[in-house]
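# A closer look at the structure
The lines below spell out each chain.
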Amino acid sequence: MKPSPSPSPRPTGRRPDKGRPDRRGGKAAPDPTRDIAFDIVEGVIVHRRMLDTSLDHSVAARTAEPRDRAAGHRLAATVLRHMGTANEVLSPFLKREPPEPVRVVLLIGVAQLLFLDTPAHAAVATSVALARRRGLVPFAGLVNAVLRRVAAGGTGALDGLDQARLDVPPWLWQSWGKLARPIARALGHEPPLDLTIRPGAEAPPGGEVMPGGSVRFAAGTVKVVDLPGFAEGAFWVQDMAASLPARLLDVKAGERVADLCAAPGGKTAQLAFAGAEVFAIEREGRRIERLRANLARLGLSGVQVIHEDAAKWRPDTPLDAILLDAPCSATGTIRRHPDAMWIKRPRDIATMTEGQDRLLAASRDMLRPGGRVVYAVCSLQPEEGEQRALAAAAMGLVPDPFTPDELAFLPQARTPEGWLRTHPGMLADLGGMDGFFAARFRRA
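The residue numbering used here restarts from 1 in each chain and proceeds along that chain's sequence as written. With pLDDT at 70 or above as the cut-off, local features in this predicted model cover only qualifying residues; side-chain atom pairs require 80 or more to be listed or tallied, and sums for whole chains, interfaces and linings still use all residues. Side-chain numbers come from the whole structure's heavy atoms, not from hydrogens or water.

### Concerning the environment of Met-240
Selection rule: Helix and strand assignments come from DSSP, with helices taken as H or I runs of at least 4 residues and strands as E runs of at least 2, each series counted from the N terminus.
By the element assignment, Met-240 lies in the loop between strand 6 (235-237) and helix 12 (244-249). For Met-240 and Arg-216, which are 24 residues apart along the polypeptide, the C-alpha to C-alpha distance reads 8.5 Å.

What follows is the structure, encoded as structure tokens:
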């Protein structure tokens, strides 16, 4: 979702919104942007709900205009991207730990003061008003005093802070090893919009062609549904890294191919446009509806969409190829979903890897002899990537490394083993990319 120029807290060059206390009546004026942001941030850090789920639970969002929902979403994402730094900034001004809802208000205030262009008086006033609307009247004075002190220091409060380190939970930082810093630096920025262009279609004007052929637009500069060609199915949204696993499966016209865990359908579309007979398997009801809608817009009526658990589904006859983009921790998409940093726990990874191994074993059993599978995850965690590749080999799947020629457009993504590994800090000067791991195997 894209916010409107106003009242979004995002830099726009226009006057900020005026959601602040109404001094004439003593009551806070309506401010859906910050109410929605509060609901989202509280949902993430208190209830451990994903950002989009928290948005769905937001009472304020149900009656808000789309522009206010988008602005609230963007403000909440800014808080989550910089939450470690914001807490560090607040620390000297808090003698004791405030209740969680109060901290949420303070975090929203700090995000506006230090990471958005909201004027100090507006950031403080709207935060005090937010506290009052949320029944935190006894803490309104604390919010006012703390945020005024933060405002007085300005962005100088950030001097000397290792923001990249602060804004990543310690367990994730440690798990990323030497890649932690370049990854973390990229996570503080809203990601660009990447499009995959349908073969033979014309790309919308104004984008930058990336290595591999994706067309990129800078964050916040376009609304995808307004781009020429969207309604006609000329392209679909797909991060450049997400486009690589299907490309590396290298399907041929007429091959029988399954896309396991297929929603939202970008990889399915790549396989179908390559001429394959595609079975798109998806078990989640809400996700399968999105898959169907996306395929319909792209005119791909020939894809066989199957509502079933991919670990249990079996084709009538063995398949030539399988794309297994397995459910995972999604830490590779934290640029887009910063809530994942604060919701996921190390124990969640073990649960994910069990499911990934079941899907790898199922893929092996679906293939004809010599058939191939590309295993992929949008994860930065070695347990879900490199370690699963080793597990696949132990299951009897024969490694089929990606060649240097196949990744000549992005050689830094090819590992010594011939696997694919991308991360958000890769091509940072061009806007980076999502984190993906992929490996290819054949059935003996």
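On we go.
### Details of the domain arrangement of the chain
Filter applied, for reference: All the domain ranges listed were derived from an automatic or database domain assignment. Note on contacts: a residue pair qualifies if any of its non-hydrogen atoms lie within 4.5 Å across the two residues. Buried area counts how much accessible surface, traced with a 1.4 Å probe, disappears from two parts once they are put together, with both parts' losses summed.
By the assigned domains, the chain splits into domain 1 (32-161) and domain 2 (239-443). Between the C-alpha centres of domain 1 and domain 2 there is a distance of 36 Å. Domain 1 puts eleven residues into the contact, and the matching count from domain 2 is twelve residues. In this assembly, domain 1 packs against domain 2 so that about 1,000 Å² is buried in total across both faces, 59% of it on carbon and sulfur atoms.

### As for the pattern of salt bridges
Think of it this way: side chains of opposite charge can pair up when their charged atoms draw near. Applicable threshold: Any carboxyl oxygen of Asp or Glu that lies within 4 Å of a side-chain nitrogen of Lys or Arg is treated as forming a salt bridge with it.
Per the counting criterion, the structure on display carries 28 salt bridges. Taken together, the salt bridges that share partners define one network made up of Asp-35, Asp-39, Arg-133 and Arg-134.

### Thoughts on the packing of helix 6 (residues 100-115) against helix 8 (residues 140-153)
Definition in use: With axes taken as lines fitted to C-alpha atoms, and helix axes fitted only over the stretch in contact, angles between N-to-C directions fall between 0 and 180 degrees. Any angle from 65 to 115 degrees is called roughly perpendicular, while one under 35 is roughly parallel, one over 145 is roughly antiparallel, and all others are oblique. Crossing chirality is assigned from the near helix's rotation relative to the far helix, an anticlockwise turn below a right angle marking it left-handed and a clockwise turn marking it right-handed. Following the grouping adopted for this structure description, the nonpolar residues are Ala, Val, Leu, Ile, Met, Phe, Trp, Tyr, Cys and Pro, the charged ones are Asp, Glu, Lys and Arg, and the polar ones are all others, Gly among them.
One way to put it is that helix 6 packs onto helix 8 with a least axis distance of 10 Å and a crossing angle of 25°. Between helix 6 and helix 8, the angle is such that the two are roughly parallel. For helix 6 against helix 8, the interelement crossing comes out right-handed. Contacts between helix 6 and helix 8 pair Val-102, Val-105, Leu-106, Gly-109, Val-110, Leu-113 and Leu-114 from the former with Leu-142, Val-143, Val-146, Leu-147, Val-150 and Ala-151 from the latter. Residues belonging to the contact of helix 6 with helix 8 are distributed by class as follows: twelve nonpolar, one polar and no charged.

### Comments concerning the side chain of Asp-434
Using the following cut-off: Exposure is judged per residue with a 1.4 Å probe applied to protein chains only, and the accessible area is read against the type maximum: over 50% gives exposed, under 20% gives buried, and values in between give partly exposed.
Among the structural elements, Asp-434 can be located in the loop between strand 13 (420-422) and strand 14 (436-443). Look at Asp-434 and you get buried, because its relative accessible area is 4%. Setting aside residues no more than four positions away along its own chain, Asp-434 makes contact with Asp-239, Ala-241, Gly-332, Thr-333, Arg-335, Arg-336, Thr-422, His-423 and Pro-424.

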